[in-house]
Each structure stands twice: as structure tokens, then as C-alpha cells.
Amino acid sequence: MSAVLDQLRERIRSLTQLQTAGIDPYPYVSFEPVPTSRIHQAFDEWQGKVAVVAGRLVARRIMGAVTFLDIEDEAGRIQLYVHRDHICPGEEKTFYRDVVRKWLDLGDILRAEGTVFRTRTGEISIDVRSLTLLAKALRPPPIAKRKGEKAFSELKDPETRHRQRYLDLMVHPRVREVFRRRTQLIDAIRSFLNRHNCLEVETPVLHPVYGGAHARPFQTTVYALGNMPVYLRIANELYLKRLVIGGFERVYEFSRDFRNEGIDRTHHPEFTMLEVYIAYRDYQWMAQFTEQMLTEAIQRVAGTLLLPYSGKTIDWTPPWQRITYLEGLRQATGQDIQALSDTALRDLAIRAGIDVEGLKLTTRAQIIDKLFGTLVEPHLWNPTLVFDFPRELSPLAKRHRQNPALAERFELICGGMEIANAYTEQNIPWEQRARFLEQQRERERGDEEAMPFDEDFLLAMEYGMPPMAGLGVGIDRLTMLVTDQPAIQEVILFPLMRVRPVHEYAVPFPYEELPSVQASMSVASVHHRASSSTSAASRELRAQQDLPVDQSGSEGSPR
RNA sequence: GCCCCGGUAGCUCAGCGGUAGAGCAGUGGACUCUUAAUCCACGGGUCCUGGGUUCGAAUCCCAGCCGGGGCACCA
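These numbers were taken from a predicted model, which means no experiment stands behind them. (Residues numbered from 1 in each chain as written. Chains lettered and ligands numbered in written order. Predicted model: local features only at pLDDT ≥ 70, side-chain atom pairs only at ≥ 80, totals over all residues. Heavy atoms only, no water.)

So, helix H13 (residues 364-376): which residues are in play, and what are the values?
With 13 residues, H13 should reach 18 Å at 1.5 Å per residue; the first-to-last C-alpha distance of 17 Å fits that figure. For H13, every residue scored as buried is listed here: Ala 365, Ile 367, Ile 368, Leu 371, Phe 372 and Val 376. One face of H13 carries all of its buried residues, which in axial projection span an arc of 165°. The elements touched by buried residues of H13 are helix H11 (325-333), helix H12 (342-351) and strand E17 (384-390). (Helix = DSSP H or I, 4+ residues; strand = E, 2+ residues; numbered from the N terminus. Expected span 1.5 Å × (residues − 1). Buried < 20%, exposed > 50% of the residue type's maximum accessible area, 1.4 Å probe, protein only. Arc of directions from axis to C-beta. Contact = heavy atoms within 4.5 Å.)

Below, the structure is given as C-alpha cells:
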């Protein structure tokens, strides 16, 4: 017998005892509890008034005839002061003695009703006169104790935290806060874009031809269309551009994109990207737009532009640092990269510790980009706009108006990561066709990630594509920076993991040891009719039945 | 895909050739304002899995599984 099985049997025992006493462990309810945070914020208004709260039982301190229960709801906790004679005013004390002290377990979901007051030690509490079990927890929560923000024996194992994210969220309010901020950040960006007359649209996830990025796709099949192969989108660039061709001048989409590549702390197979396309603008304008959009969103979500990250500070105050790609390389290497011969460039890369042979870097552009990624990008801490990338690396961007070897493209680098990428978009059909042909040649040379030739997209361009600027923002990475998280898995609710049989990480619950469903049903119905019973347990049941079905809002303010 | 590190009680961890440990959680008891409550007592283990070495393996070796970190990939 295992220890956990012992604990599960204890839960069965308390559950059975509750049912025998006529308490439904999973009652039907509909009510609106007062958020505990509101009671803490407005204690003066609440003091002496009756509040209904609900949440998970996270701590219990039994002091003889008084028991303190801490319950936690989404945004906070509150202490329940359960006095034997307050919750059981008559002679009958079994509800207190058995239910409160014994049969409730950590993890149970409770509803409590009582008077808001402050204990002698100053803790804002509820003097409970009615306590209802809303849902029994059959397993113990993985939390021991907590003092303020500091948890003892908190859940640390990254595998459990990610595989069973609900446990991570349950015991770590700070993790809930990370995901709340993620949503706030997206809201703030959406609000900015809407105010700038951008239209939010939804384009397909299933692409017959994938494109818009350099990546390996996930493939699947549509049975209804003759087993047509389709790909999960790696970007939505080509569809959004079609919309601009169609006459929507400012469009954007928050899109879940999928790339079948490595997983590490800045890469996840499915991730969220914001793409924005603005007609009649170029990449210089887009750089300012991006700066404005992100600083506004960060200021709104974080309340400051000085954000702690990884033990240091990131200063998002505009204007951000602006460099060109080649300047960055010149500062890092002391060389004018463009002027170097092929062999000099190769030597430079090897001296920089790059294994040119092993990495199969063949073209100049590949070597140059590796140099940039190794020598420049990791050292850009504060937000930096890097302009004018080599043309070969940017098949969808328009050629630089002054230097034909470059493309009108910038990336936003921050915290050593690429956060955003933008172009003056290529709108000359034959130029686009030439870039597609180049990509096709790379595919034929074995580069699986080179973009397929998209005939249909080219056709759309032939009808006239307005000059425009486009932007892609890595929302997950941006969230990492705003919430000070070291890994993308910390800002994705359910990061992808290898499948593992559940019994390998949890002891199966011994359902066969539970009293039968039939038995529990009949017990409940007997007590439903026997509402004149004077037992403490059924008094609780009655209190719960007396609840209004829905007081939408009325319980949310002091009465 | 490669390299390194880890996997021991529900949680956090110690133990690293000689009977499986601690704190918290759990159970029983005491306690009418506690808050990491306290005090007394008790129960709880496939030491990730499978091989091997050894008189003896949680401990050493090999393989595998899962996770983490790094590299590669992600232009």
C-alpha cells in the first residue's frame, strides 16, 4: 500500500461520512461570491456586514472550539473564523465537531457566509455562520503551507508544473498573475490597433501552401477534399497581404502559428504571433508605430517602462536604440562585412568560434547571419531596432531603396531575443517571383525550410498590391519580457510535452472503493424531502437550498 | 539529433556500497483569536524502469523512459 493511496482512502472516508450525514459533496449551485480581494480592499465598508465568499480550502488551524480555515479564490485569500457556537448555535454541535474539524479536507471547494470582522491579531476574517461544501477534492493539493507570498514545500518540479498546469495555477497565485498579464498585454495591443483603425481579421490555420516564414511545417490531411494535404500555418503573412490587395487597408491578426522545429526556452511548436499590415506606409514608419504600440501596451500593463528581467532591468523608454545590421556587425567585429572577400569572411566566422563546416554554412548570407546571431543579437539587452538586413535573408521584403544588397527590414531585439520583425513589403510581382524562384532552388538543394513557390499569392499580387508595411510580433516572447519569465513554457498555459501514461505520474484513484452512485443518490433525495429534520447537517443543506438562484451582482456589494 | 545534469514519502529535499530519513502534508488526541499555530502519539516508500557488478545496490556500471540545462535547428 502506498502513502498516497492511504490519503486517497482518507478522502473516501470523509466523503462517505459527509454523504451519510446527508451532505451532498457536489451540490448544484448558482451564486456570485464576493471576491476576497474586494473585502480586503474595502474592509471599512464590509466590516460588520454579511459576505458570501467561495474558494478552495488551503489551510486549516484547529484551536479547540474555534477553527480557522483559509480559503483562496482567484485573486486572494481570506480567513474563515469558524466558532463552534456561531456555526452551531443550538445544542447540536456535530456539524462543527465532525464536518468542520474532520471531514473537510485541504483542496475542498467551499462557500462561506458570515460577518466580516478583524480578529484580535488584526487579520480580516469572516465569522462564519453558514458553511457549504461545493465540491469535494478527492486528492490532496500539492501545497503544504504558505506565509504571504512565501510558500513552503511549494510545487517546484517543472514536469508536474507543466504537465498538470492546473496544480501549478492552484498553488501559485503568481503563475495566475503571469497569465492574467499575458491577456492584459494582448488587450492593450488590440486596443491600440483598433484605435488606429486597424481591422482584426481571422485567416486560415490550414494552408494548402505554407509560406511567410522559413520553417518546417506540420502536415495533415483533409479527408473531405480527396485527402488533400494541408499544413498548419507557419505564418499568416500571405493571407493578410491578400486582404490588403482586396481593399482592407489596415489589418491585423493574433494568430497561433505552428513550426515543427526545436523546442527550447524561446521556441515552442505552437506560438502566438501578431501580424499587422498597413497600406501606404514603409518600414521606417512601422518602426515608430511599433515603438509607440509596445511602449503604450507595456506602460498600461506594467505601469512602468523600466521592467525587471532576469535579475537586470530592461528600459523600454522611447526612443529605442537604432542601429543597422551592418553597423552592429562592424561594432562587434571591427570589420566592414560587405567589403570582405568570401575567404576573409569565413576566417572571421571561424575566429568568432563558429563551426562553419559543421553547420554547413555555404552562402555569404548564411555566414553573415550566423555572425549576427552570435556576436550581436545576444548582447542587445534594451529594446533595439536593427535595420536593413541582407536581401537574401528576406524574400518577402522590398529591396532597399539605396542599397540593392539589402532589404527594407527591421527587427526588434530585446533581452537577447528577436521580438518583432517588419518589412516594407515586396509589392513588385516579378521581384516576388524572382525571390520565390530563389527559394525553390534552395529547396531543390535540400533546404526543407525554404519557402514553396506560392503561385496563388503571386496571382493576387498581379492585381496590384498597395505599397505597405508589415509587422510580426512574438507575443509569447514579449510576454516573457513583461512578466520576467525565463522560458516560453512559463507563458504558455499548456506547453507541449511528450505523452506519458497517467499512471506513471499519479496513483489511480480507487473508484471501486467509493460507495455506489445509487446509494449516494438515495441518501441525498431522502434528505431533500426531510427538510424538517433538526440535524445540524441537514440545516446546512437547507441553508444552501434557500440560496437565491442567481443574484447577479447583488451579493457583490455590501448590504 | 548530440552533450551534461536530475528522477528517493502527497510536496520540498537529505542519504551516494551495509536495516529507508527529515520538514511540511496525512491519521488519532489536547487546546475558545490562530495564521509556517503549538504540543503528544502514529501511519506512510516499486528509492523512474529493466539488466549487470557485488556476500550485499537508492548508492557503482549499462540500456531505456521522463524532465531540466546547453548545442544544433529556428535564415
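Account for the pattern of salt bridges, naming residues and giving values.
Under the criterion given, the structure shown has 42 salt bridges. Its salt-bridge partner being Lys 241, residue Glu 237 comes within 2.8 Å of it at the nearest N-O pair. One end of the pair is Glu 237 and the other is Lys 241, both in helix H9 (residues 237-245) and 4 residues apart, which spans about a single turn. Exposure class is identical for Glu 237 and Lys 241. Each is buried. Through salt bridges with shared partners, one network takes in Arg 391, Arg 399, Glu 431, Arg 435 and Glu 438. (Salt bridge = Lys/Arg side-chain N within 4 Å of Asp/Glu carboxyl O.)

How would you sum up the packing of aromatic side chains? Please name residues and give values.
Evaluated as defined, the whole model comprises 16 aromatic pairs. With a centroid separation of 4.6 Å and an interplanar angle of 45°, the aromatic rings of Tyr 325 and Phe 389 are classed as tilted. In this pair, Tyr 325 sits in helix H11 while Phe 389 sits in strand E17, placing the two residues 64 residues apart along the sequence. Judged on exposure class, the residue Tyr 325 and its partner Phe 389 are both buried. Residue placement shows Arg 118 over the ring face of Phe 43; its charged tip is 4.6 Å from the ring centre. (Phe/Tyr/Trp six-rings, centres within 6.5 Å; stacked < 30°, edge-to-face > 60°. Lys NZ or Arg CZ within 6 Å of the ring centre and 35° of its normal.)

How would you explain empty space enclosed by the protein if you had to name every residue and give the values?
Applying the stated rule across the entire model yields 2 cavities of 30 Å³ or more. The calculated volume of the second largest cavity comes to roughly 60 Å³. Surrounding the second largest cavity, Arg 56, Leu 57, Val 58, Glu 72, Arg 77, Pro 141, Ile 143, Arg 146, Met 170, Val 171 and Pro 173 form its lining. Going through the elements one at a time, strand E1 (50-63) and helix H7 (165-171) are the ones with two or more residues in the lining of the second largest cavity. In terms of residue class, the lining of the second largest cavity is built from 7 nonpolar, no polar and 4 charged. (1 Å grid on protein atoms, 1.4 Å probe; cavity = no way out; pocket = protein on both sides within 12 Å on 5 of 7 lines; lining within 4 Å. Points joined across faces, edges and corners; volume = space filled by probe spheres on them. Nonpolar A, V, L, I, M, F, W, Y, C, P; charged D, E, K, R; others polar.)

With reference to specific residues and values, describe the side chain of Thr 36.
By the element assignment, Thr 36 lies in helix H2 (residues 36-41). Excluding residues that lie within four positions of it along the chain, Thr 36 makes contacts with Val 53, Asp 73, Gly 76, Arg 77 and Ile 78.

For the pairing of strand E19 (residues 417-424), give the residues involved together with the corresponding values.
For E19, a buried count of 6 out of 8 residues is recorded, marking the element as mostly surrounded by other parts of the structure. With 6 bridges connecting them, strand E18 (residues 406-414) and E19 associate as antiparallel partners. Looking at the pairing, Glu 411 lines up with Asn 421 of E19. Following E18, the chain reverses through 2 residues before pairing antiparallel with E19; Gly 415 in that reversal takes a positive phi of roughly 60°. (Pairing = 2+ DSSP bridges.)

Describe unusual backbone geometry, listing the residues and the values that go with them.
In this structure, the amide linkage connecting Pro 318 to the following residue, Pro 319, adopts the cis form with an omega of -5°. Along the chain, the position of Pro 319 falls in the loop between strand E15 (312-315) and strand E16 (321-324). In this structure, Asn 197 takes a positive phi of about 65° despite not being glycine. Residue position: Asn 197 is located in the loop between helix H8 (173-195) and strand E8 (199-200). The residue Asn 227 is not glycine, and still its phi comes out positive at about 55°. Within the secondary structure layout, Asn 227 lies in the loop between strand E10 (219-222) and strand E11 (228-232).

Summarise the sheet that holds E10; cite the residues concerned and give the values.
Across the sheet, 3 strands lie side by side as E9-E11-E10; this open sheet has antiparallel pairing. Edge positions in the sheet fall to strand E9 (206-207) and E10, since each has one partner strand and no second.

Please provide a residue-by-residue account of the packing of H12 against H13, values included.
H13 packs onto H12 with a crossing angle of 30° between their chain directions and a minimal axis gap of 10 Å. By the angle between their axes, H12 is roughly parallel relative to H13. The chirality of how H12 crosses H13 is left-handed. Counting all contacts with H12, which are made through Asp 342, Leu 345, Arg 346, Leu 348 and Ala 349, the residues of H13 involved are Arg 364, Ile 367, Ile 368 and Leu 371. For the contact of H12 with H13, the residue count by class is 6 nonpolar, no polar and 3 charged. (Axes fitted to C-alpha atoms, helices over the stretch in contact; angles between N-to-C directions. Parallel < 35°, antiparallel > 145°, perpendicular 65-115°, else oblique. Left-handed = near helix turned anticlockwise from the far one by under 90°.)

Explain the confidence of the model for chain A residue by residue, including any values.
Of the residues in chain A, 91% have a pLDDT of 70 or more, and the chain-wide mean is 88. A low-confidence stretch, residues 520-559 stays under pLDDT 50, and its non-local contacts, those more than four residues away or across chains, total 54 contacts. Interface scoring of the predicted complex returns ipTM 0.91; its pTM is 0.90. (pLDDT = per-residue confidence, 0-100.)

Explain the sheet that holds E19 to me, using residue names and the numbers behind them.
Spatially, the 8 strands line up as an open sheet ordered E8-E12-E13-E20-E19-E18-E17-E16, and their pairing is mixed. Lying at the two open borders of the sheet, with one neighbouring strand each, are E8 and E16. The strands touched by H9 within the sheet are strand E12 (250-258), strand E13 (270-279), E19 and strand E20 (468-474), with E13 carrying the most contacts at an inclination of about 25°.

Tell me about the environment of Met 468, and name the residues and values.
Its location among the elements puts Met 468 in strand E20. Sequence separation between Met 468 and Leu 514 is 46 residues; the distance between their C-alpha atoms is 65 Å. Apart from the residues lying within four places of it in its own chain, the contact partners of Met 468 are Lys 241, Val 244, Tyr 277, Ile 278, Ala 279, Tyr 280, Arg 281, Tyr 423, Thr 424 and Glu 425.

Pulling in residues and values, what's your account of the packing of helix H1 (residues 3-20) against helix H5 (residues 94-103)?
Direction vectors running N to C along H1 and H5 enclose 155°, while the axes themselves pass 11 Å from each other. Looking at the two axes, H1 sits roughly antiparallel to H5. Note that H1 runs across H5; the crossing there is left-handed. Between H1 and H5, the contacting residues are Ser 14, Gln 17 and Leu 18 on the first element and Val 99, Lys 102 and Trp 103 on the second. Residue composition of the contact of H1 with H5, by class: 3 nonpolar, 2 polar and 1 charged.

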